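# Descriptive structure summary
Below are the chains, spelled out letter by letter.
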Amino acid sequence: GSGRGELKLMVLRQTSRTARLLLVLSCWICQLRPAGSVIDIYLEQRLTRAVGSKIAGEFVECSASVAVCNIHWLARKIATIAEEILEDFDEYRYGRPFKPDDCTELISTITTDVAALRGLCAATGNWSGQCTRVQNSLVERLADQTWELGVACRIIDPGPSKQLLPTCDDLAIAAVSGQDTLTTCHNFNRSECVQNFCNIYGQFHWRLRPRNLEEDPPAGVDPLFGDEFYLPGCPLMAEHSFDSEQCYLREDVNAFCDCICEAMPSVQFQNGWDCPVMIDQYLMFGRLGVEAIDLHRDCEPELCSMLARQAGREQCANLNLPKMQDCTAMSLDQVETTCPWLTDSGEDGVLECLDGHRCRLDEEGWACCESHLGRGRCPRDMPVMCDTLCSGITEFCCETKGRCTPRTCPTVLLPEVQYLPITTTMTSTFPPPGSGKDFEEEGWSFRVQQGSWVWLLLVIPTLLLVAILFLVIRIKNAPQPVPEPATKLEEEGDKLGGFHRVRPKPGQFDALRKRPVVSIEVGNLPEQRPLGLELLETKVVRVHSLGEKWGFEVGDVIVEIGGVPVDTFEDLWARIQVERDRPPTKFLVERLGADGVDRDELEVANGGASAGGKRARSKRRGASKIAPSEAADEAAGGKGEEHSFSASAKKWAGGSPMGSTAALPSAMVGWETWATPPRKVDVEGIIVDPLSVASPTAAAAGGGGLNSVAAWRGS
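Residues numbered from 1 in each chain as written. Predicted model: local features only at pLDDT ≥ 70, side-chain atom pairs only at ≥ 80, totals over all residues. Heavy atoms only, no water.

### Here's the deal with the environment of Cys131
Relative to the elements of secondary structure, Cys131 occurs in helix α6 (residues 129–142). Sequence-wise, Cys131 and Ile71 are 60 residues apart; in three dimensions their C-alpha atoms are separated by 8.4 Å. (Helix = DSSP H or I, 4+ residues; strand = E, 2+ residues; numbered from the N terminus.)

### Examining the pairing of strand β4 (residues 384–391)
As defined by bridge partners, β4 adjoins strand β5 (residues 395–399) across four bridges and the pair is classed as antiparallel. Its bridge partner lying in β5, Met385 is registered against Cys398. Two successive antiparallel strands, β4 and β5, enclose a turn made up of three residues, where Gly392 displays a positive phi of approximately 60°. (Pairing = 2+ DSSP bridges.)

### A closer look at the state of the cysteines
Counting across every chain of the model gives 16 disulfides. Each sulfur in the disulfide pair Cys185 and Cys261 lies 1.8 Å from the other. Disulfide Cys185 to Cys261: torsion about the S-S bond roughly -110°, handedness left-handed. Linking Cys185 in the loop between α8 (168–178) and α9 (190–207) with Cys261 in the loop between α11 (251–260) and α12 (275–284), this pair joins segments that are 76 residues apart in sequence. Residues Cys185 and Cys261 agree in their burial class; the two are buried. A disulfide bridge connects Cys386 with Cys404, and the sulfur atoms are separated by 2.0 Å. Between Cys386 and Cys404, the S-S torsion sits near -80°, and that sign places the bridge as left-handed. Of the two residues, Cys386 sits in strand β4 while Cys404 sits in the loop between β5 and β6 (438–441), which places them 18 residues apart along the sequence. Given a relative accessible area of 22%, Cys404 falls into the partly exposed group. (Disulfide = S-S within 2.5 Å. Buried < 20%, exposed > 50% of the residue type's maximum accessible area, 1.4 Å probe, protein only.)

### Some words on the sheet that holds strand β2 (residues 358–360)
Where strands meet in a sheet, backbone hydrogen bonds hold them as pairs that are either parallel or antiparallel. Reading across the sheet, the three strands line up as β2-β1-β3 and stay open at both edges, with antiparallel pairing between neighbours. Edge strands, defined here as strands with exactly one partner in the open sheet, are β2 and β3 (375–377). Direction aside, neighbouring strands of the sheet carry axes that sit 45° apart on average. Bridge analysis of strand β1 (residues 350–353) against β3 gives two bridges, and the strand direction is antiparallel. Considered in β3, the bridge of Glu352 is made with Arg377. (Axes fitted to C-alpha atoms, helices over the stretch in contact; angles between N-to-C directions.)

### Some points on the packing of aromatic side chains
Summed over the entire model, instances satisfying the criterion amount to six aromatic pairs. Aromatic side chains Tyr201 and Phe285 sit 5.9 Å apart centroid to centroid with 65° between the ring planes, which places their arrangement in the edge-to-face category. Taken together, the residues Tyr201 in helix α9 and Phe285 in the loop between α12 and α13 (300–311) connect sequence positions 84 residues apart. The same class applies to Tyr201 as to Phe285, namely buried. The interplanar angle of 20° and the centroid separation of 5.4 Å between the aromatic rings of Phe225 and Phe229 together place this pair among those described as stacked. For Phe229, a relative accessible area of 31% gives the class partly exposed. Within the aromatic cluster, the residues linked to one another by ring pairs are Tyr201, Phe204 and Phe285. One Lys or Arg, Arg407, reaches over the ring of Trp341 and ends 3.6 Å from the middle of that ring. (Phe/Tyr/Trp six-rings, centres within 6.5 Å; stacked < 30°, edge-to-face > 60°. Lys NZ or Arg CZ within 6 Å of the ring centre and 35° of its normal.)

Structure, rendered in structure tokens:
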């Protein structure tokens with residue numbers, strides 16, 4: 001009996017050892033199974049999103065280089081954990097804490113599980129150099145500033161002694177590397193762009209205070225971080241509080257979307273430095289006080305060049321963007337604070353230079369900053385730095401308030417957050433769509449159920465469409481008012497009795513009498529008879545061959561010559577003298593047609609149709625200003641043989657004998673066809689030849705000439 005008992009005990013012990021051995025072997029088999037160990041393209045894509053394309057490619061090479069080591073299991077685990085964390089980050093960018101479990105597991109997988117798998121696979125000779133590269137790359141990736149997932153997890157789980165906690169510049173670099181900032185925002189429309197930058201700044205401000213990401217600890221346990229603790233290098237950035245409701249009014253966000261995003265693709269690498277990314281980091285975070293985010297000296301010319309190019313664009317007009325010289329004078333690659341001149345030095349008689357050097361004016365003089373990058377802050381007793389230079393390219397003048405125009409700071413370089421003025425107040429009484437949050441209004445409350453917004457989006461447009469259709473039908477079927485007849489009745493009578501005559505109201509057809517405007521281009525203007533026209537002031541009453549060549553017609557009224565309006569013949573003639581030397585000349589005419597010239601105007605232009613009209617014609621000459629009146633003839637000695645000329649004619653004479661027609665406008669040539677044979681006439685002491693003086697009615701038939709009464713006004 002005792003022997004059987006001892007045997008039974010021995011069997012049980014052996015069974016226990018066998019079970020333990022089988023358990024260990026099963027674990028080894030789980031890690032070493034060859035089935036499914038090859039990483040397919042779908043898993044490679046998941047790895048790319050989780051840890052980057054470089055490490056994903058190394059995983060593929062590693063899995064192909066070993067026979068039984070289950071690299072596939074490790075890759076799938078890292079991808080799955082990363083996807084869960086990223087899903088939380090995308091859904092809750094800021095405003096809530098995160099459970100540390102997923103981040104803790106991700107860090108543990110990278111630091112512990114990879115090493116354990118290496119030891120297991122290496123024992124069987126299934127660990128290659130490619131797999132060692134995967135292990136080293138994962139450890140480097142965890143400390144990489146550009147890996148946003150890793151930086152966020154190091155805030156959530158910084159390790160037992162907080163040795164993994166990132167700095168503020170790590171957070172800034174990760175934000176620029178992992179999100180659509182200035183280098184990629186040109187692909188957004190404006191509303192998407194503003195929302196994108198507000199999300200980035202909101203998330204950044206939430207993460208720079210680690211306590212925001214930490215869950216409340218159990219009772220009696222102190223939190224890992226205090227409420228006033230910020231990531232190292234973030235205190236200045238934390239001073240610029242973030243307001244999600246007012247973010248769309250931030251001047252820098254609007255400047256990025258309106259002006260900077262479109263220009264960033266033109267920024268180039270310089271001497272191996274990634275200037276697009278460095279400028280992106282500087283404008284997004286460095287200017288606002290994030291430590292260690294500086295502009296490299298090789299990238300400063302690229303930034304200044306980009307700002308100078310955008311300064312002349314309409315959408316950038318209100319951003320105070322500097323010219324190249326002004327931007328260079330700011331020494332952005334060497335100063336700790338952009339635009340320090342917005343405040344004074346804090347002491348009377350003390351200048352502060354751009355490099356931080358301070359000097360007393362009574363000891364070193366106003367030139368003390370010339371060797372210290374230039375003036376940064378003016379003395380307290382002369383606190384305003386003017387936008388004018390006193391010397392050099394960096395020595396801007398200092399004055400008291402109101403004595404000069406203050407030097408401005410470009411909006412995209414402001415070291416603080418400023419907001420646009422509110423022009424329209426919009427107040428929302430509903431919580432965000434799908435939030436399902438309660439809200440109260442005057443003592444009563446209700447809950448907007450999730451999904452109800454979909455019905456509102458369907459029902460409200462439908463009701464609006466029905467209302468619009470109803471109004472359209474109602475307006476269409478409404479009785480139309482009977483218009484008042486546009487005529488009037490007149491009572492008249494004849495020998496057969498009375499009757500009514502229907503006449504249109506005065507002005508009824510005025511709107512129909514449109515005056516078409518025609519542009520005529522005249523190739524050249526000779527000294528005499530330049531247009532081949534007969535004019536009554538500026539109206540064409542007869543057209544000769546040269547005028548027909550240019551396209552003039554009877555009834556045309558010349559309103560512009562060479563783009564200059566003309567109202568009188570004097571205006572017309574003066575303009576022709578100007579345009580004579582720069583052909584071709586454009587004439588703008590109102591085309592009235594032949595009906596635009598009445599019978600009296602044609603009779604005056606023709607010099608009278610019959611002898612019976614001579615008296616009426618002579619009477620009209622004084623009234624129409626076509627020719628000297630009979631009163632003028634009698635004053636000159638009778639019978640029209642001597643004439644007293646107008647002031648205009650005497651002015652054209654130029655105070656010299658008018659023996660040549662070249663001294664007078666060609667509109668006056670042709671006097672000999674109207675006046676009596678040539679006779680010498682005394683015009684206020686000037687001896688002139690009547691044949692040389694312009695005829696007010698002669699047409700210079702055949703060649704045509706300018707002929708106008710305007711030259712004889714006041715005769």
